[in-house]
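Below are the chains, spelled out letter by letter.
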Amino acid sequence: MSPARDETTPGVLLAHHLKQLKLPTVLREYDKVARECAQSGLDHPRYLLRLVELELIDRERRMVERRIRAARFPAVKSLDTFDFAAIPRLNKMLVLELARCGYILGRENVIALGNSGTGKTHIALALGLAACQKGFPVTFTTAASLVNQLREARDERRLLRLQRELAAVKLLIVDELGYVPLSSTGAELLFEVFSQRYERGSTVVTSNLPFEDWTSVLGSERLTGALLDRLTHHVSILSLNGDSYRLKASRIRRSRLGAAEQNQASANPYDPETGEVLPT
């Protein structure tokens, strides 16, 4: 056996074994960490500890990324980018407490109410992201999309399977309840989802309508009462009424654009009839 073969075989075998054991971070880092530990004079147990810690950190990162992809968020948003000062009625301390995910362990619900553009979806997405980071499976959907999925599943004779999947998820986020009126069938299917999750899993709902107007969406006072009875039994309610984020941002952009155009016009005056820049 040649010296070259003696030197390469352990490395090849180690790479093979680490792949079989699904330890990609150890495979990637073991040589570099070995050199660092040798320079620092660390012993073998500390070298092994550092490698295992790197593997665990990287594995948790990958698991979080998988949960985020599985949740199907339309965008990934955190509370760090939410402007609490713009919505003074919102209970910031309650939101921060919810981000610790204790309500999920308690199988409690969250309802965010407020007019359009005030950040309800942002809060829901941030709570969903926090749940993914804490290790909870999350599913995000709009109310209209969820009803469409349920109706298609019913027509294709797979409704029970979809209902079981929705009942099993630790956190279900239903966004924009109230924007689109539901048919009686759609309202009943949605009610079944909430009913099956009652005291079994947590649900976050956002709506632009106060509770007294939910009948206009669900079409039945009886159904609305039964749904609210289940949703609000164990619930934290977030009030986000205020000026629209989007309208405010649009006004700021227009204002800045107007100021920039004025500055440009002052720096480069022009003849309004010919459009030619005038000498200064």
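Located above this text is the structure these notes cover.
All values reported here derive from a predicted model rather than from experimental measurement.

Colleague: Got a minute to help me understand the pattern of salt bridges in this structure?
Modeller: Any two side chains of opposite charge can pair, given that their charged atoms come close. Within the structure shown, the criterion is met by eight salt bridges. The salt bridge involving Arg-154 is made with Asp-155; its shortest N-O contact spans 3.2 Å. Look at the salt bridges and you will find they share partners, linking Arg-28, Asp-58, Arg-61, Arg-62 and Glu-65 into a network.

Colleague: Looking at this structure, how should I read the pairing of strand S1 (residues 109–113)?
Modeller: Two faces make up the sheet, and in a regular strand the side chains alternate between them. With five of five residues buried, S1 is to be regarded as a mostly interior element. Where S1 meets strand S5 (residues 235–239), five bridges bridge the pair, whose relative direction is parallel. When the sheet's bridge partners are listed, Val-110 is paired in S5 with Ser-236. Relative to strand S4 (residues 202–207), S1 is paired through four bridges, and the arrangement is parallel. Paired with Ala-112 across the bridge in S4 is Thr-206.

Colleague: Please explain the environment of Val-76 as it appears in this structure.
Modeller: As for its position among the elements, Val-76 is in the loop between helix H3 (44–71) and helix H4 (92–98). The spatial distance from the C-alpha of Val-76 to the C-alpha of Leu-125 is 6.7 Å, given a sequence separation of 49 residues. In this structure, Val-76 is in contact with Ile-68 and Leu-129, ignoring residues within four places of it in sequence.

Colleague: Before we go on, may I ask you to explain the sheet that holds S1 in this structure?
Modeller: Across a sheet, paired strands are connected by hydrogen bonds in the backbone, their directions being either parallel or antiparallel. Here five strands make up an open sheet; going across it, the order is S2-S3-S4-S1-S5 and the pairing parallel. If you trace the sheet from one side to the other, it starts and ends with strand S2 (138–142) and S5, each paired once. Neighbour-to-neighbour, the strand axes of the sheet open up by a mean angle of 10 degrees, direction not taken into account. Its contacts with the sheet put helix H9 (residues 184–197) on strand S3 (171–177) and S4, and the angle it makes with S3 is roughly 145 degrees.

Colleague: Any chance you could explain the packing of helix H7 (residues 143–155) against H9 here in plain terms?
Modeller: A packed helix pair is summarised by two numbers, namely the angle formed by the two axes and the spacing between the axes. Direction vectors running N to C along H7 and H9 enclose 95 degrees, while the axes themselves pass 9 Å from each other. The angle between H7 and H9 places the two elements in the roughly perpendicular class. Two secondary-structure elements touch here, H7 through Leu-146, Val-147, Leu-150, Arg-151 and Arg-154 and H9 through Thr-185, Gly-186, Leu-189, Leu-190 and Val-193. Partitioned by chemical class, the residues of the contact of H7 with H9 number six nonpolar, two polar and two charged.

Colleague: Even after reading the chapter, I still don't get the pairing of S3, so can you show me in this structure?
Modeller: Most of S3 sits out of view: six of its seven residues are buried. As paired elements, S2 and S3 share five bridges and run parallel to each other. Each residue of the ladder has a partner; that of Thr-142, found in S3, is Asp-175. Bridge analysis of S3 against S4 gives five bridges, and the strand direction is parallel. Bridge pairing in S4 places Leu-172 opposite Thr-203. Considered for its hand, the β-α-β crossover made up of S3, H9 and S4 is right-handed.

About the thresholds
Residues numbered from 1 in each chain as written. Predicted model: local features only at pLDDT ≥ 70, side-chain atom pairs only at ≥ 80, totals over all residues. Heavy atoms only, no water. Salt bridge = Lys/Arg side-chain N within 4 Å of Asp/Glu carboxyl O. Buried < 20%, exposed > 50% of the residue type's maximum accessible area, 1.4 Å probe, protein only. Helix = DSSP H or I, 4+ residues; strand = E, 2+ residues; numbered from the N terminus. Pairing = 2+ DSSP bridges. Contact = heavy atoms within 4.5 Å. Axes fitted to C-alpha atoms, helices over the stretch in contact; angles between N-to-C directions. Parallel < 35°, antiparallel > 145°, perpendicular 65-115°, else oblique. Nonpolar A, V, L, I, M, F, W, Y, C, P; charged D, E, K, R; others polar. Right-handed = clockwise from strand over helix to strand, strands pointing away.

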